[in-house]
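Structure at a glance
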Amino acid sequence: MAVYLLYMASPVLIGLLLELLSGQSVNGNQKIKTKYLVLAGLVLFLMVGLRNPGNGSGDTQFYCDFWRSTAKVPLSGLIQYLKNTDLEYGFQLCVWLLAKLFKNQQWILIFSGAFFAVSVCRFAQKNCKDVVLALTVFNCLGLFNFMVQGMRQAVAMCICLWAIEQCKKNRFIPFFLLVVLAATFHASAVVFALVYLLGKLSLNLKGYLLVAAGAIATALLLSRLFQIVNFFIDDHYEIGKGADSGGLVAIAIYLAVLVFGLLFRDKEDPHYALFVYMVFVSAVTLIMRNTVSTIVERMSYYFAFGEMAVISNSVSALKSKDTKILTGVLITLLCIGVAVYKASYSILIPYRFFWQ
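Since the α-helix advances by 3.6 residues per turn, residues separated by three or four positions end up pointing in the same direction. End to end, helix H11 (residues 172-183) covers 16 Å across twelve residues, agreeing with the expected 16 Å (1.5 Å per residue, within 8%). Buried within H11 are the following residues: Phe175, Val179, Ala182 and Ala183. When H11 is viewed along its axis, its buried side chains cluster within an angular range of 100 degrees and face the same direction. For H11, the exposed residues set more than 90 degrees away from the buried face come down to Ile173 and Leu177.

Where side chains of opposite charge bring their charged atoms close, a pairing between them can arise. A full pass over the atoms with the stated rule returns five salt bridges. Across the pair aspartate 65 and arginine 68 runs a salt bridge whose closest N-O atoms are separated by 2.8 Å. One end of the pair, aspartate 65, and the other, arginine 68, are both in helix H4 (residues 59-71), three residues apart, so they sit about a helical turn from each other. Taking the relative accessible area as the measure of exposure, arginine 68 reaches 38% and is therefore partly exposed. Between lysine 129 and aspartate 266 there is a salt bridge, with its nearest N and O atoms 2.8 Å apart.

Glancing now at the environment of valine 338. With respect to the element layout, valine 338 can be found in helix H19 (residues 321-343). Looking at valine 338, the relative accessible area reads 14%, which means it is buried. For valine 338, the contacting residues outside a window of four places in its chain are Cys140, Leu141 and Ile253.

Before going further, it helps to spend a moment on the packing of H4 against helix H7 (residues 106-127). Close contact between H4 and H7 brings their axes to 8 Å; oriented N to C, the two are set at 115 degrees. Looking at the two axes, H4 sits roughly perpendicular to H7. Counting all contacts with H4, which are made through Thr60, Tyr63, Cys64 and Trp67, the residues of H7 involved are Trp107, Ile108, Leu109 and Phe111.

Let's shift gears to the nonpolar core. Across soluble globular proteins, nonpolar side chains show a tendency to be buried alongside one another. Judged by nonpolar contacts, the single largest core of 106 residues is most densely connected at Tyr36, Phe138, Phe144, Phe192, Phe305 and Met308. Broken down by element, the residue count for this core peaks at twelve residues, all from helix H10 (residues 151-168). Here tyrosine 36 is in contact with Pro11, Ile14, Gly15, Leu18, Val26, Val131, Val132 and Leu135, once residues within four sequence places are set aside.

Attention shifts here to the side chain of asparagine 127. Note that asparagine 127 resides in helix H7. Note on asparagine 127: relative accessible area 5%, which makes it buried. Beyond its immediate chain neighbours, meaning those up to four positions away, asparagine 127 contacts Glu165, Lys168, Phe275, Ala309 and Asn313.

What counts, and where the lines are drawn
- Residues numbered from 1 in each chain as written.
- Predicted model: local features only at pLDDT ≥ 70, side-chain atom pairs only at ≥ 80, totals over all residues.
- Heavy atoms only, no water.
- Helix = DSSP H or I, 4+ residues; strand = E, 2+ residues; numbered from the N terminus.
- Expected span 1.5 Å × (residues − 1).
- Buried < 20%, exposed > 50% of the residue type's maximum accessible area, 1.4 Å probe, protein only.
- Arc of directions from axis to C-beta.
- Salt bridge = Lys/Arg side-chain N within 4 Å of Asp/Glu carboxyl O.
- Contact = heavy atoms within 4.5 Å.
- Axes fitted to C-alpha atoms, helices over the stretch in contact; angles between N-to-C directions.
- Parallel < 35°, antiparallel > 145°, perpendicular 65-115°, else oblique.
- Core = buried A, V, L, I, M, F, W, Y, C linked by side-chain atoms within 4.5 Å.

Structure (structure tokens):
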């Protein structure tokens, strides 16, 4: 557990180390900020890429086994293999190409770890004013835990992070193509198309009414929407088969982030509203986990990155320097407290590396 918790606190520890060595704030100096993201990204890469395939739920071991079996497929048998394997074609083709060059199963973790690290740190650089706090949120509030177990969806989620930049620039075609690409790794990524609409909304009465209307329409058309989702992910999830319990802490965190983000909004960030609405969608889908179906919990993670931007930017927007520091420290302690709580029952504990 010690290694796991040390990693949870690593964004803060790396930030403190850099500030001691440079005498400058990580968030106040662009060069220090870049160095910080490189170091934090390297630690994230090592945690993901060097982990033991047996960690967690068993999904990682499945993908490692898939890597080894795919490496044996010749070009002549590729088409038939794609048809007979119940996984998205983009993922299969990517694994087939890489596995031809790198035989050892650990490479699938190394490649995914590198992609996760680059994508998450780039998202933080582009959208989060306090990168230390943003990466602490990423580590502690559930995104890291999910990404080291749901590899295929995690790759799709990271592709969607690149799509956010296209959404911010109102480039629909590149945004749409990236979402399609993400869906070839995990079909559930189609839900991320909603982000383009959220990017058009503001934090005002009109925006709230449109979101409320969308929520009502979703509730009324739920059965039809489930048919569409099942078609895309090739599954048979049904309404009314939600989880028996759990998720209350995560829902409470989402709601707290929403309230905090609305009270102390970052008025200088033209895209702040997008991230607030992403957190709202995460909260709603997670609530639906217990009342509608467990599949919606997986969808919530696509939008959960909004927490990183909302928390970091709302704290940075506080006027008083002392209040900003105190609030940042309190939120950091709360995040680490959540990580400790999650570690008490997490199937990732003990967190092992490939040599263990």
